[in-house]
Amino acid sequence: MGYARKDVEKTKLASKKFVRYQEGAERYSLGLTKFQELAKEAKAVYKIDKVALVNCEIFERYLETFRIAWGQAVRKLPIGV
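**Quick notes on the sheet that holds strand β1 (residues 18-19)**
- In space, the 3 strands of this open sheet follow the order β1-β3-β2, with antiparallel pairing throughout. Every other strand in the sheet has two partners, leaving β1 and β2 (45-48) as the edge strands with one partner each.
- Its contacts with the sheet put helix α4 (residues 56-64) on β1, β2 and β3 (51-55), and the angle it makes with β3 is roughly 55°.

**Quick notes on helix α3 (residues 32-41)**
- If you check which residues of α3 are buried, you get F35, L38 and A39. End-on, the buried residues of α3 take up no more than an arc of 100°, which puts them together on one face. Exposed positions of α3 whose direction lies more than 90 degrees from the buried face are T33 and K40.
- Looking at the packing, one finds that the buried side of α3 touches α2 (21-27), β2, β3 and α4.
- Immediately downstream of α3, the backbone of K43 shows phi near 60°, a positive value.

**Describing the packing of aromatic side chains**
- Counting across every chain of the model gives 6 aromatic pairs.
- Considering the side-chain rings of Y21 and F35, the 6.4 Å spacing of their centres and the 80° angle between planes classify their relative orientation as edge-to-face. Remark: F35 occurs in helix α3 and Y21 occurs in helix α2; sequence separation between them is 14 residues.
- Residue class for Y21 comes out buried when judged on its relative accessible area of 15%.
- Judged by relative accessible area, which is 0%, F35 ranks as buried.

**Some remarks on the pattern of salt bridges**
- Going through the model one piece at a time under the given rule, you end up with 4 salt bridges.
- A salt bridge links E37 to K34, with the shortest nitrogen-to-oxygen separation between them at 3.9 Å. Of this pair, E37 and K34 both sit in helix α3, separated by 3 residues, roughly a single helical turn.
- Judged by relative accessible area, E37 falls into the partly exposed class, the value being 39%.
- Given a relative accessible area of 44%, K34 falls into the partly exposed group.

**Focus: the pairing of β2**
- By the bridge criterion, 4 bridges tie β2 to β3 in an arrangement that is antiparallel. What sits directly across from I48, in β3, is V51.
- A loop of 2 residues connects β2 with β3, the two strands running antiparallel in sequence, and D49 in this loop sits at a positive phi of about 55°.

The rules behind the values
- Residues numbered from 1 in each chain as written.
- Predicted model: local features only at pLDDT ≥ 70, side-chain atom pairs only at ≥ 80, totals over all residues.
- Heavy atoms only, no water.
- Pairing = 2+ DSSP bridges.
- Helix = DSSP H or I, 4+ residues; strand = E, 2+ residues; numbered from the N terminus.
- Contact = heavy atoms within 4.5 Å.
- Axes fitted to C-alpha atoms, helices over the stretch in contact; angles between N-to-C directions.
- Buried < 20%, exposed > 50% of the residue type's maximum accessible area, 1.4 Å probe, protein only.
- Arc of directions from axis to C-beta.
- Phe/Tyr/Trp six-rings, centres within 6.5 Å; stacked < 30°, edge-to-face > 60°.
- Salt bridge = Lys/Arg side-chain N within 4 Å of Asp/Glu carboxyl O.

Here it is in structure tokens:
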């Protein structure tokens, strides 16, 4: 029994420690600009010559700070704002 090429590529992508901006944006389902902003805020960006790499471990720890716990009050804006 073999594995589909798509499954192998997904596993390989999930196991990477460093990704480029485009790969990271796809991996975390974010727009490219938003991913770049968050990666920089997280201080997860490594610049090597003209290549920018994002450390996924640091980025994910930073991403967890945005978590909203169940039962926590979420501020709702009035309609029309």
